[in-house]
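Spelled out from the first residue to the last, the chains are:
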Amino acid sequence: MKTLKKNLQLQVIVPLVIALIVLSGLAVYVEYYIESQKLTDAHLDTVRKAEWLMYEKVREEVNTNAKLADQFCRDPYFQEAMKSGDREQMAYLLNPIIPILDSEYNLDYLCFQTADKRCFLEAEDPDTGIDFSQYLVMEDKSRSDTAQYGIKMDSSGAFMLRYVHPWHVDGQLVGYVKMFKEIGHVNDIMKRTINIDTAIMINKSLLDRTKWQQRRDRLGWAGQWDMLDNVVLANGTSEPCSEEFVAYVQEKCLGQYRSSEIPLISIDNEKHVVGSYDRIDFEGVAIGRLFVIRNVTDSITA
């Protein structure tokens, strides 16, 4: 009788204990899944904010360039020098303005072009280390009636905002005002505004290794050309500094990362969520990926 009673207890207790263990494990999994989904949703929202903020900041730069170009085009002295083809007078007028273009507008390159798009007069910031001649020889698709702008990457990995403003005097097209400005500072603005880091990885085939290394040294990066197989860091506020992050970047850029989840990656012994999207230049060419990185260590340990 005692044996039967013991067997009945075991038949009841053992399944009950197993059920409690399963339920406890399921509860832990569900809680983990919910928290993980919250992190994913929050970071997807952050990635969307980053895209929107980058677009808005570029639009602000475009509007600033448009106002500056309009000042040149409306100035009667600049108009007369352009119409008459007086390069010396144009240089005389421009020379005292150059420090302002650098300090207030952060302009890296300015070119006045004739109506047939020949360079009439140009001024550039020598500290950028950028060869602007490569932009002048590329096919110019600018129309004569509207301003044109877009993002162009040079062979060192610098992202330039290109703005071309048609110059009309008395209804006649006399030339163009062309401007270039590096927009790497937008990454710093995003870091301050929405507390994220960015890493822009560019296809190596689009870069000149020597020019990339010169720019890396000028900016004080530690990245190496051979760190990744097909891409290299060209811009941003963070470098891929952990094996886990490097592996994720490599898989993502090669299209081998199949999971739909936002990964949780260790960088400098802290947990980060990482999202990314294709980086497209103004000619519609996919040049690499922008990785948006957010430190969530405090959220996880709280």
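Note that this is a predicted model, so its numbers are computed, not measured.

Novice: Even after reading the chapter, I still don't get the pairing of strand 2 (residues 119-124), so can you show me in this structure?
Specialist: In summary, the side chains of a regular strand alternate between the two faces of the sheet. Where strand 1 (residues 109-114) meets strand 2, 5 bridges bridge the pair, whose relative direction is antiparallel. By the bridge assignment for strand 2, Gln113 is matched with Cys119.

Novice: What exactly am I supposed to notice about the sheet that holds strand 1 here?
Specialist: Pairing is antiparallel in the open sheet, where 5 strands are placed in the order 2-1-5-4-3. Edge positions in the open sheet fall to strand 2 and strand 3 (148-153), since each of these has one partner strand only. Strand-to-strand, the axes of this sheet are offset by a mean angle of 15°, without reference to chain direction. Packing against the sheet, helix 3 (residues 87-94) makes contact with strand 1, strand 2 and strand 4 (159-169), and its axis sits at approximately 25° to strand 2.

Novice: Explain the packing of helix 2 (residues 76-84) against helix 3 here, please?
Specialist: Packed helices, taken two at a time, are described by their axes: the angle between them and the distance between them. As a packed pair, helix 2 and helix 3 sit with axes 8 Å apart at the nearest point and diverge in direction by 155°. Relative to helix 3, the element helix 2 is oriented roughly antiparallel. Handedness of the helix 2/helix 3 crossing: left-handed. Contacts between helix 2 and helix 3 involve Tyr77, Phe78, Ala81 and Met82 from the first element and Gln89, Met90, Leu93 and Leu94 from the second. Across the contact of helix 2 with helix 3, the residue classes break down as 7 nonpolar, 1 polar and no charged.

Novice: How should the pattern of salt bridges be read in this particular structure?
Specialist: Side-chain pairing between opposite charges can occur once the charged atoms of the two side chains come close. Under the definition given, this model contains 9 salt bridges. Where Glu61 meets Lys181, a salt bridge forms, and the shortest distance between an N and an O atom there is 2.7 Å. One end of the pair, Glu61, is in helix 1 (residues 2-74); the other, Lys181, is in strand 5 (residues 172-182), and 120 residues separate them in sequence. On the basis of relative accessibility, which here comes to 14%, the residue Glu61 falls in the buried class. In this structure, the salt-bridge partner of Arg209 is Asp226, at a minimum N-O distance of 3.5 Å. Taken together, the positions of Arg209 in helix 7 (residues 209-219) and Asp226 in the loop between helix 7 and strand 7 (231-236) put the pair 17 residues apart, joining distant regions of the chain. Relative accessible area serves as the criterion here: at 37%, Arg209 is assigned to the partly exposed category. We classify Asp226 as exposed; its relative accessible area is 57%.

Novice: Can you help me understand the environment of Thr198 in this one?
Specialist: Note that Thr198 resides in strand 6 (residues 197-203). The spatial distance from the C-alpha of Thr198 to the C-alpha of Asn235 is 8.1 Å, given a sequence separation of 37 residues. Side chain to side chain, Thr198 and Asn187 meet in a polar contact 3.2 Å long.

Novice: What am I meant to see in unusual backbone geometry here?
Specialist: Residues other than glycine predominantly adopt negative phi, and peptide bonds predominantly adopt the trans conformation. In this structure, Asn106 is a non-glycine residue whose phi angle is positive, near 50°. Along the chain, Asn106 turns up in the loop between helix 4 (98-103) and strand 1. A positive phi angle is found at Asn195, which is not glycine, with a value near 55°. When you line up the elements, Asn195 lands in the loop between helix 6 (185-194) and strand 6. We classify Asn195 as exposed; its relative accessible area is 61%.

Novice: I tried to follow helix 7 on my own but got confused; where do I start?
Specialist: Residues spaced three or four apart along an α-helix point in a common direction, a consequence of the helix completing one turn every 3.6 residues. Those residues of helix 7 that sit buried are Trp212, Arg215 and Arg216. Looking down the long axis of helix 7, one finds its buried residues gathered within 105° of arc, a one-sided arrangement. For helix 7, the secondary structure elements touched by its buried residues are strand 5 and strand 7. Downstream of helix 7 by a residue or two, Gly220 has a phi angle that is positive, lying close to 80°.

Novice: Help me understand the pairing of strand 3, please; the structure alone is not making it clear to me.
Specialist: Here strand 3 runs beside strand 4; their pairing, made up of 6 bridges, is antiparallel. Note on strand 4: the bridge partner recorded for Ile151 is Leu161. Two successive antiparallel strands, strand 3 and strand 4, enclose a turn made up of 5 residues, where Gly157 displays a positive phi of approximately 100°.

Novice: Help me understand helix 2, please; the structure alone is not making it clear to me.
Specialist: Along helix 2, the residues classified as buried are Phe78, Ala81 and Met82. Across the axial projection of helix 2, the buried residues extend over an arc of 95°, all falling on one side. Looking at the residues trailing helix 2, positive phi occurs at Gly85, about 70°.

Quick notes on the rules
Residues numbered from 1 in each chain as written. Predicted model: local features only at pLDDT ≥ 70, side-chain atom pairs only at ≥ 80, totals over all residues. Heavy atoms only, no water. Pairing = 2+ DSSP bridges. Helix = DSSP H or I, 4+ residues; strand = E, 2+ residues; numbered from the N terminus. Axes fitted to C-alpha atoms, helices over the stretch in contact; angles between N-to-C directions. Contact = heavy atoms within 4.5 Å. Parallel < 35°, antiparallel > 145°, perpendicular 65-115°, else oblique. Left-handed = near helix turned anticlockwise from the far one by under 90°. Nonpolar A, V, L, I, M, F, W, Y, C, P; charged D, E, K, R; others polar. Salt bridge = Lys/Arg side-chain N within 4 Å of Asp/Glu carboxyl O. Buried < 20%, exposed > 50% of the residue type's maximum accessible area, 1.4 Å probe, protein only. Polar contact = N/O pair within 3.5 Å; in protein donor to acceptor, adjacent residues only side chain to side chain. Arc of directions from axis to C-beta.

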